[in-house]
Amino acid sequence: MKTAGPSEATARRGLELTPFRGLRYDPDRVGSLASVTSPPYDVVVRPDGVHHLQSADPHNIVRLILPQAGTPSARTEQAADTLRRWLDEGILTADPEPGLYVYEQRDGNGMLQRGVIGALRVSEPTEGVVLPHEDVMPPVVADRAALMRATRANLEPLLLTYRGNGTAAEVVERTAERPPLLATTTEDGFHHRLWAITDPAEVARVQSDLARQQALIADGHHRWATYLRLREEHPSPSPWDHGLVLLVDTARYPLRVRAIHRLLHGLPVADALTAVDGLFRVRHLDVPLSDALETLADASCAGNAFLLAGDGSFHLLDRPDPDLLARTIPADRPGAWRSLDATVLHATLLEHVWHIPEDSPAHIAYIHDTAATVEKAERDGGTAVLMHPVREEVVRDLARQGVTMPRKSTSFGPKPASGLVLRALEI
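Residues numbered from 1 in each chain as written. Predicted model: local features only at pLDDT ≥ 70, side-chain atom pairs only at ≥ 80, totals over all residues. Heavy atoms only, no water.

> Explanation requested: empty space enclosed by the protein in the structure shown.
Regions of empty space are outlined by a rolling probe, equal in size to a water molecule, passed over the atoms. Evaluated as defined, the whole model comprises six cavities of 30 Å³ or more. The space that makes up the largest cavity amounts to roughly 140 Å³. Along the walls of the largest cavity sit 15 residues, with Glu134, Asp219, Gly220, His221 and Lys408 positioned nearest its centre. In terms of residue count, the dominant contributor to the lining of the largest cavity is helix α7 (residues 221-233) (three residues). Of the pockets and cavities examined, the second largest cavity occupies roughly 70 Å³. Lining the second largest cavity, in full, are Ile65, Arg144, Leu147, Met148, Ala153, Asn154, Leu155, Glu156 and Arg223. Mapped onto the lining of the second largest cavity, the elements with two or more residues apiece are α4 (138-151) and β7 (153-154). Residue contributions to the lining of the second largest cavity peak at three residues, all from α4. Split by residue class, the lining of the second largest cavity holds five nonpolar, one polar and three charged. (1 Å grid on protein atoms, 1.4 Å probe; cavity = no way out; pocket = protein on both sides within 12 Å on 5 of 7 lines; lining within 4 Å. Points joined across faces, edges and corners; volume = space filled by probe spheres on them. Helix = DSSP H or I, 4+ residues; strand = E, 2+ residues; numbered from the N terminus. Nonpolar A, V, L, I, M, F, W, Y, C, P; charged D, E, K, R; others polar.)

Shown next, in the form of structure tokens:
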């Protein structure tokens with residue numbers, strides 16, 4: 001889908017980030033801060049991931065972002081009731097004054113990422129301020145909207161990137177030299193720290209710098225689309241005019257870009273291979289997963305390539321038939337979009353070869369973890385389609401043209417942990 005690009009926007013206002021009173025766990029009321037955190041809702045692998053997080057602490061944030069009940073309405077009501085109870089009991093408490101928050105993530109391999117969390121003015125893509133790069137699935141947006149309506153809260157920040165290296169970055173660095181509000185290490189080995197920026201002069205410096213910037217949605221397209229929907233439902237001005245985000249300056253802290261894999265339910269690998277016979281070159285790889293991924297990376301340098309798994313081995317698909325691509329890929333898009341692996345997967349393989357609807361959870365799942373995708377395919381008798389990540393500069397270039405990529409094309413990271421700071425719209 002093509003929308004008006006930034007050059008077509010009128011009087012672009014830039015990023016408008018507003019302080020808010022963050023909701024945070026009282027460390028004296030929970031087992032540990034690490035035990036109440038969670039990956040973003042769409043990274044948690046259901047149902048085993050949910051159960052693991054629920055058992056970590058009775059107050060784990062997963063009970064809010066992925067409530068478990070029999071019906072959609074029961075789930076949203078459960079989340080709203082849980083949030084109200086935690087507020088009443090002091091499990092979650094609001095910081096005494098509004099602020100922006102500096103958030104740091106660090107792993108044991110030298111990776112360091114810092115950014116600013118705040119309430120960002122919600123804007124349409126045509127304004128050229130916040131640029132999406134992927135399409136969204138309407139049922140997911142509807143689900144997130146129902147949850148936010150019921151809880152009247154932004155439960156987890158989106159991940160946005162910009163390239164500034166200016167005053168805001170300097171404020172972030174100075175703030176990180178102070179003692180943090182909280183520090184914890186999650187079970188994935190990541191160290192997390194959080195600070196508040198409450199000094200009006202420092203807040204103003206960050207806001208002034210960001211007012212000249214443009215951001216790319218790195219993670220959270222469905223939640224941004226939810227923010228847009230909820231803003232339309234409430235007359236402005238209202239708290240729904242803003243949404244919770246983490247802004248990372250990738251001029252200082254480049255993100256990692258990973259692929260999101262597909263699990264095709266009900267399609268055995270043998271059937272998938274039969275369908276592509278003569279349309280792609282197929283090579284069988286009896287090697288470990290790490291070696292298969294290296295082969296995929298090499299093949300991706302020369303053109304479109306995919307790894308199929310689920311039958312105990314790996315199968316590399318590459319060199320698609322040019323006539324097949326010409327027949328199945330829309331011609332009215334930029335060449336960079338037409339040559340994306342995700343485009344070929346969705347437009348050619350899913351729609352025309354395997355006849356699998358991309359928006360049906362009964363037929364397809366989107367999974368970030370490579371090994372988990374393979375294991376689920378082997379266990380369930382389906383087909384795992386493993387992807388090679390696209391480069392960040394390609395994503396940003398397409399977004400600036402107003403061209404969205406196929407859904408779930410990229411996974412930027414590291415993603416912010418959910419549960420460290422929330423935004424209640426009425427506090």
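> Can you walk me through the pairing of strand β17 (residues 314-318) in this structure?
Side-chain direction in a regular strand flips from residue to residue, so the side chains alternate between the two faces of the sheet. Burial of β17 is extensive: five of the five residues sit out of reach of the surface. Across the two faces of β17 the burial is the same, with Phe314, Leu316 and Asp318 and His315 and Leu317 all buried. Bridging between strand β16 (residues 305-309) and β17 involves five bridges; their strand directions are antiparallel. In the strand pairing of β17, Phe306 is matched with Leu317. (Buried < 20%, exposed > 50% of the residue type's maximum accessible area, 1.4 Å probe, protein only. Pairing = 2+ DSSP bridges.)

> Sorry, what's going on with the side chain of Thr410 here?
Structurally, the position occupied by Thr410 is in the loop between α14 (392-400) and β20 (411-413). The contacts of Thr410, once residues within four sequence positions are left out, are His133, Glu134, Val257, Arg258, Ile260, Val390, Val395 and Met405. (Contact = heavy atoms within 4.5 Å.)

> I keep staring at the layout of surface pockets and nothing clicks. Help me out?
A volume near 1200 Å³ is recorded for the largest pocket. As for the largest pocket, its lining consists of 44 residues, of which Pro39, Val43, Asp188, Arg258 and Asp369 are closest to the centre. Broken down by secondary-structure element, the contributors of at least two residues to the lining of the largest pocket are α1 (48-56), β13 (256-258), α13 (370-380) and β20. For the lining of the largest pocket, the per-class residue count stands at 20 nonpolar, 14 polar and 10 charged.

> How should the confidence of the model for the chain be read in this particular structure?
Close inspection of predicted coordinates is inappropriate for parts of the model with low pLDDT. Predicted confidence across the chain gives a mean pLDDT of 92, with 96% of residues reaching 70 or more. Within the model, the stretch residues 1-11 combines pLDDT values under 50 with 27 contacts to residues more than four positions away or in other chains. (pLDDT = per-residue confidence, 0-100.)

> Just to check I follow, could you spell out the packing of aromatic side chains for this structure?
Any two aromatic rings considered together are summarised by their centre-to-centre distance and by the angle between their planes. Per the stated rule, a full pass over the model turns up four aromatic pairs. Judged by centre distance (6.4 Å) and plane angle (65 degrees), the rings of Phe280 and Phe306 are edge-to-face. A residue pair is termed long-range when its members are at least 10 positions apart, and Phe280 in the loop between α8 (269-276) and β15 (281-285) and Phe306 in strand β16 qualify at 26 residues. Summarising the burial analysis for this pair, Phe280 and Phe306 share the class buried. For Arg144, the ring lying beneath its charged end belongs to Tyr41, and the centroid distance is 3.9 Å. Taking the ring centre of Trp337 as reference, the NZ or CZ of Arg333 above it sits at 4.4 Å. (Phe/Tyr/Trp six-rings, centres within 6.5 Å; stacked < 30°, edge-to-face > 60°. Lys NZ or Arg CZ within 6 Å of the ring centre and 35° of its normal.)

> Quick question: what am I supposed to make of helix α5 (residues 167-175) here?
Think of an α-helix as 3.6 residues a turn; residues three or four steps apart then line up on the same face. Among the residues of α5, Ala168, Ala169, Val171, Val172 and Thr175 are the ones counted as buried. Viewed along the axis of α5, the buried residues span an arc of 160 degrees, placing them on a single side of the element. Summarising the contacts, the buried residues of α5 are in contact with β4 (100-106), β5 (112-121), β8 (158-162), β10 (191-197), α6 (200-210) and β12 (242-249). (Arc of directions from axis to C-beta.)

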